Amino acid sequence: MRRIAVAMAKGGVGKTTTAVNLAHGLALRGHRVLLVDCDTQGQTAKFLGVAPSHGLYEFVTGRDAQGGALTKQQALHATRDNLWLLAGGIKLVELKNWLGEQPREVRQSILAQSLVPREGALDYLIYDCAPGWDVLSVNILMAVEEVLCPVSVQGAALEGLKTFFGYLMSAQRQNPSLELKYVLPTMFDRRTRQSFEIYRRLHRLFRKQICAPIHYNVRLAEAPAAGQTIFEYHRQAVGAEDYTHLIQRVLDDDGKEKFKQGT
Ligand SMILES: Nc1ncnc2c1ncn2[C@@H]1O[C@H](COP(=O)(O)OP(=O)(O)O)[C@@H](O)[C@H]1O
Ligand SMILES: [Mg+2]
């Protein structure tokens, strides 16, 4: 099983769009995927057109908002064939408080300890991270091996990138198997010189990690309002083609990752 965090300190760069479409694209190819929404905004469920009553909070704490006991299975929401969701949302504020109250020596690894699927149950565990940096972000980076980093090539794209990589490096000291695996340029617009310039700079900085860009695509922006992934909303859209390339890139690494894990 591969564990991938879609993470970037900045908001609005396409993390949720990427996590949702990557997860569904893999699920459509027959892989079993669990998508975990780690954002208090709870957008992942909306993007998938579902409204689960339970999610990550209940999964980790083992209780619901009223304090009643709940099994891990009850916290999971089946959204599509092969695709399950652990929803985020405002209850994650509580989860962060709860994490903060746990003993210091275990606080950062609670997610890694509690989210351990049965052998063979899942092929991919994908975390849709929140912007910023807190006890939950640290927990995610302790629970994954791979980081996929979407970088918008619009506006002040590289701003905050250095700080974010500083965080990643400090997380790597505690989790040596953590690797910045993919840098994904997003919102690429052929009409702007800026898109090409920033892409070139990213390419120079991350020769190994850089992926083919995701273009700015209106269909990608529209799909969440319909509660659909791009593969459901408009399969012929440029956005669907771009995410298909990303999925292929991730799949191409399957053999290598399994070899590393000794499976
Ligand atoms: N490639 C794209 N082209 C056009 N709109 C996009 C693209 N990627 C994301 N969006 C839109 O931009 C907004 C922010 O994207 P989102 O995935 O929610 O970012 P984040 O999770 O990093 O905050 C959303 O409204 C989304 O629909
Ligand atoms: Mg998001």
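Each remark here, short or long, concerns the structure printed above.
Residues numbered from 1 in each chain as written. Chains lettered and ligands numbered in written order. Predicted model: local features only at pLDDT ≥ 70, side-chain atom pairs only at ≥ 80, totals over all residues. Heavy atoms only, no water.

A.B. asks: Can you break down the packing of helix α5 (residues 91-101) against helix α8 (residues 135-143) residue by residue, with the values?
C.D. replies: Where α5 contacts α8, the two axes come as close as 9 Å, and the packing angle between them is 75°. Judged by the inter-axis angle, α5 sits roughly perpendicular to α8. Of the residues in α8, those touching α5 at Leu92, Leu95, Lys96 and Leu99 are Val135, Leu136 and Asn139. Of the residues belonging to the contact of α5 with α8, the class tally is 5 nonpolar, 1 polar and 1 charged. (Axes fitted to C-alpha atoms, helices over the stretch in contact; angles between N-to-C directions. Helix = DSSP H or I, 4+ residues; strand = E, 2+ residues; numbered from the N terminus. Parallel < 35°, antiparallel > 145°, perpendicular 65-115°, else oblique. Contact = heavy atoms within 4.5 Å. Nonpolar A, V, L, I, M, F, W, Y, C, P; charged D, E, K, R; others polar.)

A.B. asks: Mind laying out helix α10 (residues 193-205), listing which residues take part and the relevant values?
C.D. replies: For α10, built from 13 residues, the straight-helix expectation of 18 Å at 1.5 Å per residue is met to within 8% by its first-to-last C-alpha distance of 19 Å. Looking only at α10, the buried set comprises Ser195, Ile198 and Leu202. Along the axis of α10, the buried positions cluster into a sector of 75°, meaning they face one direction only. Among the exposed residues of α10, those oriented more than 90 degrees off its buried face are Arg193 and Arg204. Elements that come into contact with the buried residues of α10 comprise β6 (146-152), α9 (161-174) and β7 (179-186). (Expected span 1.5 Å × (residues − 1). Buried < 20%, exposed > 50% of the residue type's maximum accessible area, 1.4 Å probe, protein only. Arc of directions from axis to C-beta.)

A.B. asks: Which residues make up the packing of helix α1 (residues 15-28) against helix α13 (residues 238-252), and what are the values?
C.D. replies: Where α1 contacts α13, the axes come no closer than 10 Å and their chain directions differ by 65°. When the axes of α1 and α13 are compared, the pair comes out roughly perpendicular. Handedness of the crossing formed by α1 with α13: right-handed. For the pair formed by α1 and α13, the contact residues are Thr17, Thr18, Asn21, Leu22, Gly25 and Leu26 on the first element and Tyr243, Leu246, Ile247, Val250 and Leu251 on the second. Grouping the constituent residues of the contact of α1 with α13 by class yields 7 nonpolar, 4 polar and no charged. (Left-handed = near helix turned anticlockwise from the far one by under 90°.)

A.B. asks: Can you break down the site of ligand 1 residue by residue, with the values?
C.D. replies: Not every one of the 16 residues close to ligand 1 is listed here, only the nearest: Gly12, Lys15, Thr16, Thr17 and Asn217. Within the backbone of Gly14, an N or O atom sits 3.0 Å from an oxygen atom of ligand 1. Between an oxygen atom of ligand 1 and a side-chain N or O atom of Lys15, the distance comes to 2.9 Å. Breaking the shell around ligand 1 down by element, the ones donating at least two residues are α1 and α11 (218-222). Sorting elements by how many residues they give to the shell around ligand 1 places α1 first, with 3 residues. When grouped by side-chain class, the residues that make up the shell around ligand 1 number 8 nonpolar, 7 polar and 1 charged. (Near = heavy atom within 4 Å. Polar contact = N/O pair within 3.5 Å; in protein donor to acceptor, adjacent residues only side chain to side chain.)

A.B. asks: Any chance you could break down the nonpolar core for me, citing the residues and the numbers?
C.D. replies: By size, the foremost hydrophobic cluster in this structure holds 51 residues, and its most contacted members are Val36, Leu56, Leu95, Leu115, Tyr127, Ile140 and Leu202. With 6 residues, α8 is the largest single contributor of residues to this core. When near neighbours in sequence (up to four residues on either side) are disregarded, Leu202 contacts Val151, Val153, Leu158, Leu161, Val183, Pro185 and Ile210. In this structure, Ala45, Leu48, Ile126 and Leu148 belong to the second largest nonpolar core, which totals 34 residues. (Core = buried A, V, L, I, M, F, W, Y, C linked by side-chain atoms within 4.5 Å.)

A.B. asks: Please set out the packing of aromatic side chains residue by residue, giving values where relevant.
C.D. replies: Both the distance between ring centres and the angle between the ring planes are used here to describe each pair of aromatic rings. Summed over all chains, the structure comprises 5 aromatic pairs. Geometrically, the ring pair formed by Phe188 and Tyr199 is edge-to-face, given 6.1 Å between the ring centres and 90° between the ring planes. Of this pair, Phe188 sits in the loop between β7 and α10 while Tyr199 sits in helix α10, placing them 11 residues apart in sequence. Given the relative accessible area of 5%, Phe188 is considered buried. Joined through ring pairs, the aromatic side chains of Phe164, Phe165 and Phe206 make up one cluster. Above the face of the Phe59 ring, Lys72 is positioned so that its terminal group lies 4.7 Å from the ring centre. (Phe/Tyr/Trp six-rings, centres within 6.5 Å; stacked < 30°, edge-to-face > 60°. Lys NZ or Arg CZ within 6 Å of the ring centre and 35° of its normal.)

A.B. asks: Any chance you could break down the pairing of strand β4 (residues 83-86) for me, citing the residues and the numbers?
C.D. replies: Summarising the sheet, strand β2 (residues 33-37) and β4 pair through 4 bridges and their orientation is parallel. Within β4, the residue paired with Val33 across the bridge is Leu83. As defined by bridge partners, strand β3 (residues 77-80) adjoins β4 across 3 bridges and the pair is classed as antiparallel. The residue of β4 that forms the bridge with Ala78 is Trp84. Where β3 hands over to β4, the hairpin turn is made up of 2 residues, of which Asn82 adopts a positive phi near 65°. (Pairing = 2+ DSSP bridges.)

A.B. asks: Pulling in residues and values, what's your account of α1?
C.D. replies: Note: α-helices contain 3.6 residues per turn, so residues at a spacing of three or four share the same orientation. Over its 14 residues, α1 extends 20 Å from the first C-alpha to the last, a length consistent with the 20 Å expected when each residue adds 1.5 Å. Of all 14 residues in α1, 13 are buried, a share of seventy percent or more. Just beyond α1, the residue with positive phi is Gly30, at close to 95°.

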